[in-house]
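Observations on chain architecture
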Amino acid sequence: MTELQSRLLAQLYQQYAGPMRHWARQRLADGFLAQDMVQETFLLACCKAGDLFYRGGNPAGWLYRTLQNLIWREWNRQGCCVLDNCIINLKEDWEPLNLMMALPPGLRPAEREILLLRLEQRRPYGEIAARLGISRVTCRQRYSRALRRCRQLLMP
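All values derive from a computational prediction rather than experimental measurement. (Residues numbered from 1 in each chain as written. Predicted model: local features only at pLDDT ≥ 70, side-chain atom pairs only at ≥ 80, totals over all residues. Heavy atoms only, no water.)

1. Quick notes on the overall build of the protein chain
This is how the line gets drawn: The secondary structure listing takes helices from DSSP runs of H or I that are at least 4 residues long and strands from runs of E that are at least 2 residues long, numbered from the N terminus. It only takes one pair of heavy atoms within 4.5 Å for two residues to be counted as in contact. Each accessible area is a Shrake-Rupley estimate made with a 1.4 Å probe; only the visible protein chains count as cover when residues are assessed.
A tally of helices and strands in the protein chain yields eight helices and two strands. Considering only contacts in the protein chain between residues 6 or more positions apart, those separated by 24 or more positions represent 52%. Accessible area of the protein chain: about 9900 Å², with a carbon and sulfur share of 52%.

What follows is the structure in structure tokens.
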């Protein structure tokens, strides 16, 4: 890392570390883990300064995208499923009824079915597609649309 990159990274840290910590804390519900994730993001920025300061790039976007990827990795490690801003735990002690209760009541039966097959039963798209008698691409589209509708219903 060059001296210029080092100075620019210090400025980015001063400007974005606080808001990134707050943003991560909202998604992780753990202040210490959020702080660790932000620190890891800036450590990666030090190691990949060339990527961060790519000509015409967006360093702030790079930092937030990296932080989001670290958070997703943590959610996967913890065995969580993220449905918009609702984090649903899918560990062994989890009861299927919790996901049914977390889904908004306005979902159509077909939307509810595809969400439950994918999130609750953790079925791959190919298996869901075969079960519903549709193509894999159509299955992915229906799942995406069901998630979008779920978000709309969850938003006040």
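2. Quick notes on the packing of aromatic side chains
So the rule is basically this: Aromatic rings from Phe, Tyr and Trp, taking only the six-membered ring of Trp, are treated as a pair when their centres fall within 6.5 Å; an angle between ring planes under 30 degrees marks them as stacked, one over 60 as edge-to-face, and anything in between as tilted. Note on classification: 1.4 Å probe, protein chains only; a residue is buried when its accessible area is under 20% of the maximum for its type, exposed when over 50%, partly exposed between these limits.
Scanning all chains against the criterion turns up four aromatic pairs. Taken together, a centroid distance of 6.4 Å and an interplanar angle of 90 degrees make the contact between Tyr16 and Tyr64 edge-to-face. Of this pair, Tyr16 sits in helix α1 (residues 3–28) while Tyr64 is found in helix α4 (residues 59–78), placing the two residues 48 residues apart along the sequence. Judged by its relative accessible area of 23%, Tyr64 is partly exposed. A centroid spacing of 5.4 Å and a plane angle of 85 degrees characterise the contact between Trp23 and Tyr64, whose relative ring orientation is edge-to-face. With a gap of 41 residues between them, Trp23 in helix α1 and Tyr64 in helix α4 connect regions that are remote in the sequence.

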